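Geometric and topological summary
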Amino acid sequence: MDVIFWSRIQFAMTAAYHWLFVPLTLGLAFVMAIMETLYVVRKDDFWKKTAQFWMKLFAINFAVGIATGIILEFEFGTNWSNYSWFVGDMFGAPLAIEGILAFFMEATFFAVMFFGWDKVSKRFHLASTWLTGIGASISAYWILVANGWMQNPVGTTFNPETVRSEMTSAAAFWEVITNPVAVSKFCHAITSGWVTGGIFVVGVSAWYLLRNRHIEFAKKSMLIGAIVGLVGSGAVMLSGDSSGVHAAEFQPMKLAAAEGLQDGGNGAAFTIVPGIKVPKMLSILATHNPDGFVPGINDILNGYTDDEGNVVPSVAEKMAMGREALVALSIYRTTDDPSEKAEARYALEENVQYMGYGHLEKPEDVVPPVGVVFWSFRLMIGLGMLIALVLLLALIAVWKDKLGAWKWLLRAAVVCIPLAYICGQAGWIVAEVGRQPWTIQGLLPVNVAISSLSAGAVKTTFFIFLAIFTLFLAIEIRIMVSAIKKGPETIKE
Amino acid sequence: MSYTFLQNYWWFLIALLGGLLVFLMFVQGANLQLGNRQFSDLQKRMVLNSTGRKWELTFTTLVTFGGAFFASFPLFYSTSFGGAYWVWILLLLSFVFQAVAYEFQNKKENLIGVKGFRVALMVNGFLAPFLVGTAVGTFFTGSDFTVNKVAITDPSSPVISTWGNNWHGLEALGQFHAVLLGCTLMFLTCILGALYILNNIDDKQIHSQVHRTVKLCILPFLLFFLCWLVILLVEVGYAVDEAGVVSLEKYKYLHNFLQMPAVLILFLVGVVLVLWGIFQGAFTQSRGGIWPAGIGTVLVVMAVFFIAGYNGTAYYPSCTDLQSSLTIRNSSSSQFTLQVMFWVSLLIPFVLAYIVYAWHQMDKKKITPDEISDTPHKY
């Protein structure tokens, strides 16, 4: 296994661990902010204690999210050196905004939220709780602007003088920050966090009800958790729909892999599981047209003509144009002859959109691991729908006062807590494994994005980080379970 | 706004963030007191809860410092982080444990015990300032790397920035001058930590102990700092001309001080303030030494960054291939990106204002033994 493999596996592992902790932060932040708002508005100490209990669990989770987050940021540089240079100019402004607007907001107001109960006024404390959640969400937006750009690199110009992608105008900046892929990714990720936060609160409350403990606390927490989770579920479905349309438009190979679609066509069917298909459904999901054309893996490899008559070249043709671009770039950078330089620049500009393909060895390199993406996609959708159903039933049960009678629902809600995490991980596998081999779609494949390190060095750090993150996860689960077992009274240590 | 102005402006902000980061490393310095055998467990918890309300600011400043380098000087980010791999990984490891240590250390379910996480905080207290100082020290000694942008067209060896040895940054530990700066920072943050505790905690026994810490650290701090400074002023530096050609220049950093008198004044004022803060902490009953020492630290670090990058100087020199050295001209983002970030950076005073306000609100009541015994909201 080479350095590319270990760099990929290290980044994937860090991102996967990070995403174990972030969704709960995003969701629980708003649950406890709503609870604290009820405390301030109704002047009812019950809500203060309730908010404080969930805040305790929030704090345990928040710390590990920060620990894994800093590794992710620095791994861009340590393990993906070429990538850092190539995208640095594009990510500069979004990262500056994230750092200045979001990071400090989160850090400052988290401390006030956690320690400030007896030190600042009620309203300042409430504002701090909301600002902690808002800061986390703003941070998510800007990092997903960066991620969205990697999936759909808009507003960029390749500069042969600097050998990188650059942003050259206000219009380009606007394109980057309103990139439709980034917007739908943000909505999808942030609202999936609400679902995770919601089902976590519902599940923990259900556990108390099953044991006949903290009944009022559990019922009221469940109501708020179910509402936040259901709003999140609805938004996840809507943003998931637009993610599908964007994948069809900008990353057709990812969609083809997610569907296991070898040969596409008009009126394509959606595969629920192998052997069970819904006619025309894939075309509806991908193009919002029952007869829309959806390319399959072979169509993309061999080239095709889309519904609007656009001819998409085969991967082999793109590779040939990419290699011409790389040769032209090399000549441009090394020649002193002005006419040769001008010719090279022209050839580069003609083929630059396929430059990334020039680094591939064979056309099949553009096909991601189909089985992994296919089954992750189904796992994500299946679990997402199950969780939405449980949240809906939990809301009905609270509303109709059926919680005592529907024990099966309470058990299902507890089981849904780990399922929400599996669902979130599956979603990111679809998004990130589905875009392989590209770090930046069409422009920079993983084999060119790396740092000049030995496989042994990266392998060593992979196992170090794996051991540390696993230790942290084990500790977090133990502390969290212990705090839950003790119940809301743990706030009076 | 010209490209040159924007590049200089962003180097200024990097310097400012660097200065704030070193100042905020009082958290690391204060955590070293967890190893003080004269402290009871309650007193150690007071120290933990005092730094526990600030550690996120230090952490966030580190993240923003890294992010600002990525955003404004991405060639440094890709060259140094991908090249000096082990130095940055060690630094990250120490910070990763710090991030969870506060929350986990006092929980019996934490698998490695109270001591385990407190030791992790102390390791971070030693290692973080030492590694940051040593890494910044290489801004003056040079590192073993080459930059070749055409490499990206070569499928067999596409990496633009390559490191020249397999130590990947650990070789800096053998560079005497760089290590001196690492040691300087370690003792400085230890002093800043003691001054912070003096200011933030109400406990006479703790005060007498941290007074002692300040006194103990003065001599090694001054020794390391003066040795580093003298070598800096007499050593050969890395100059860059208008055409971007890098060459060696004798007494380059001394010349930089003399040719930029404002930076020299900034440096001297900073040094005086640091010494004044230390004097207050060591030899008077004043509890405010952290403020002059903190402000002085920010000023001195900024001046150090200025002489590293301004006045035609390569801030990240390559001792393997002089022309691969990074300057604020050849390693920055494009003019447009720097300009967008310039407008964003105008929000910094607003951010600083709310941090100061929140900090002031939280610190109005100093930490007392009663607070740690009675409040449920603590580490």
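Residues numbered from 1 in each chain as written. Chains lettered and ligands numbered in written order. Predicted model: local features only at pLDDT ≥ 70, side-chain atom pairs only at ≥ 80, totals over all residues.

**Section: the overall build of chain B**
For chain B, the helix and strand inventory stands at 15 helices and 4 strands. Here the C-alpha atoms of chain B give a radius of gyration of 21 Å, agreeing with the 21 Å that 2.2 N^0.38 yields for 379 residues. Oriented by its inertia axes, the alpha-carbon framework of chain B measures out at about 65 × 45 × 40 Å. Burial statistics for chain B: of 379 residues in total, 58% are counted as buried. Within chain B, residue pairs in contact and separated by at least 24 positions form 76% of the contacts whose partners lie at least 6 positions apart. (Helix = DSSP H or I, 4+ residues; strand = E, 2+ residues; numbered from the N terminus. Rg over C-alpha atoms; globule rule 2.2 N^0.38 Å. Buried ≥ 20, exposed ≤ 12 C-beta atoms within 10 Å, placed from the backbone. Contact = placed C-beta atoms within 7 Å.)

**Some remarks on the overall build of chain A**
Scanning chain A for helices and strands turns up 16 helices and 10 strands. Compactness check: chain A gives a C-alpha radius of gyration of 25 Å against a globular reference of 23 Å for 493 residues, within 12% of the reference. Each of the three principal axes of chain A carries a C-alpha extent, and together these read 80 × 50 × 45 Å. Scored against the burial criterion, the 493 residues of chain A give a buried share of 54%. In chain A, the share of contacts with a sequence separation of at least 24, taken over all contacts with a separation of at least 6, comes to 76%.

**Details of the interface of chain A and chain B**
Each partner contributes to the interface: chain A provides 74 residues, whereas chain B provides 65 residues. For the side of chain A that touches chain B, the elements supplying multiple residues, two or more each, are helix 2 (45-79), helix 3 (81-115), helix 11 (315-334) and helix 16 (455-486) of chain A. Counting residues per element, the side of chain A that touches chain B draws most heavily on helix 3 of chain A, at 25 residues. The residue inventory of the side of chain A that touches chain B, partitioned by class, reads 46 nonpolar, 19 polar and 9 charged. (Nonpolar A, V, L, I, M, F, W, Y, C, P; charged D, E, K, R; others polar.)

**Focus on the environment of Ser454(A)**
Structurally, the position occupied by Ser454(A) is in the loop between helix 15 (446-449) and helix 16. Sequence separation between Ser454(A) and Thr439(A) is 15 residues; the distance between their C-alpha atoms is 20 Å.

**Description of the domain arrangement of chain A**
Residues and elements named next belong to chain A. Taken domain by domain, chain A consists of domain 1 (3-251 + 372-491) and domain 2 (265-357). Computed from C-alpha atoms alone, the centre-to-centre distance between domain 1 and domain 2 is 32 Å. Among the elements that take part in the side of domain 1 that touches domain 2, helix 7 (residues 215-250) stands out by supplying 3 residues, more than any other. Residue composition of the side of domain 1 that touches domain 2, by class: 8 nonpolar, 2 polar and 1 charged. (Domains from an automatic or database assignment.)

**Concerning helix 3 (residues 41-51) of chain B**
Residues and elements named next belong to chain B. Judged by how many residues are buried, helix 3 sits mostly within the fold: 9 of 11 residues are covered. Residues of helix 3 that are buried: Gln-43, Lys-44, Arg-45, Met-46, Val-47, Leu-48, Asn-49, Ser-50 and Thr-51. Its buried side turned inward, helix 3 meets helix 2 (26-31), helix 4 (55-72), helix 6 (85-104), helix 8 (176-200), helix 9 (204-234) and helix 15 (369-374).

**What about unusual backbone geometry?**
Put simply, Gln436(A) and Pro437(A) share a cis peptide bond, and its omega is 10 degrees. Inspection of the secondary structure assignment puts Pro437(A) in the loop between helix 14 (407-433) and strand 9 (438-440). One non-glycine residue, Asp401(A), lies in positive phi territory at about 60 degrees. Assignment of secondary structure puts Asp401(A) in the loop between helix 13 (370-399) and helix 14. What makes Asp401(A) exposed here is the crowd of 9 C-beta atoms within 10 Å. Although it is not a glycine, Leu111(B) sits at a positive phi angle of roughly 70 degrees.

**Some words on the packing of helix 6 (residues 180-210) of chain A against helix 14 of chain A**
Residue and element names in this part refer to chain A. Their axes nearest at 8 Å, the elements helix 6 and helix 14 cross at an angle of 150 degrees. It follows that helix 6 is roughly antiparallel to helix 14 by the angle criterion. Helix 14 is crossed by helix 6, and the crossing has left-handed handedness. Only Lys-407, Leu-410, Arg-411, Ala-413, Val-414, Cys-416, Ile-417, Ala-420, Gly-424 and Gly-427 of helix 14 make contact with helix 6, whose side of the interface consists of Ser-192, Val-195, Thr-196, Ile-199, Phe-200, Val-202, Gly-203, Ala-206, Trp-207, Leu-209 and Leu-210. The residue makeup of the contact of helix 6 with helix 14, split by class, is 14 nonpolar, 5 polar and 2 charged. (Axes fitted to C-alpha atoms, helices over the stretch in contact; angles between N-to-C directions. Parallel < 35°, antiparallel > 145°, perpendicular 65-115°, else oblique. Left-handed = near helix turned anticlockwise from the far one by under 90°.)

**Remarks on the environment of Leu24(B)**
Residue and element names in this part refer to chain B. Tracing the sequence through the fold places Leu-24 in helix 1 (residues 3-24). Residue class for Leu-24 comes out buried when judged on the 23 C-beta atoms lying within 10 Å of it. Along the sequence, Leu-24 and Gly-193 sit 169 residues apart, while their C-alpha atoms lie 9.0 Å from each other. In contact with Leu-24, other than residues within four places in its own chain, are Leu-57, Thr-58 and Thr-61.

**Considering the nonpolar core**
With 298 residues, the main nonpolar core has Met32(A), Trp54(A), Ile191(B) and Leu192(B) as its most contacted residues. In terms of residue count, the dominant contributor to this core is helix 3 of chain A (23 residues). A domain split of this core shows at least three residues from each of domain 1 (3-251 + 372-491) and domain 2 (265-357) of chain A. Ignoring any residue separated from it by four or fewer positions in sequence, one finds Ile191(B) in contact with Gly29(B), Val214(B), Cys217(B), Phe221(B), Ile278(B) and Ala293(B). (Core = buried A, V, L, I, M, F, W, Y, C linked by C-beta atoms within 7 Å.)

**Details of the environment of Trp399(A)**
Residues and elements named next belong to chain A. As for its position among the elements, Trp-399 is in helix 13. The exposure class assigned to Trp-399 is exposed, which follows from the 10 C-beta atoms found within 10 Å. Remark: the alpha-carbon pair of Trp-399 and Lys-219, spanning 180 residues in sequence, is separated by 9.9 Å.

**Thoughts on the confidence of the model for chain B**
Summary statistics for chain B give a mean pLDDT of 95 and a share of 100% for residues scoring 70 or more. Interface scoring of the predicted complex returns ipTM 0.93; its pTM is 0.93. (pLDDT = per-residue confidence, 0-100.)

**Some points on the pairing of strand 4 (residues 246-250) of chain B**
All names here are of chain B. As paired strands, strand 3 (residues 236-240) and strand 4 are joined by 5 bridges and run antiparallel to one another. Each residue of the ladder has a partner; that of Ala-239, found in strand 4, is Ser-247. Between the antiparallel neighbours strand 3 and strand 4 lie 5 residues, among them Gly-244 with a positive phi of about 90 degrees. (Pairing = 2+ DSSP bridges.)

**Things to note about the packing of helix 6 of chain B against helix 7 (residues 113-141) of chain B**
All names here are of chain B. One way to put it is that helix 6 packs onto helix 7 with a least axis distance of 8 Å and a crossing angle of 145 degrees. Between helix 6 and helix 7 lies a crossing of left-handed hand. Of the residues in helix 7, those touching helix 6 at Val-87, Leu-90, Leu-91, Ser-94, Phe-95, Phe-97, Gln-98, Ala-101 and Phe-104 are Phe-117, Ala-120, Leu-121, Val-123, Asn-124, Leu-127, Ala-128, Leu-131, Val-132 and Ala-135. Across the contact of helix 6 with helix 7, the residue classes tally to 16 nonpolar, 3 polar and no charged.

**Quick word on helix 7 of chain B**
Here helix 7 of chain B contains 29 residues, and its C-alpha end-to-end distance of 41 Å stays within 8% of the 42 Å for a straight helix at 1.5 Å per residue. At the C-terminal side of helix 7 of chain B, Gly142(B) shows a positive phi close to 95 degrees. (Expected span 1.5 Å × (residues − 1).)

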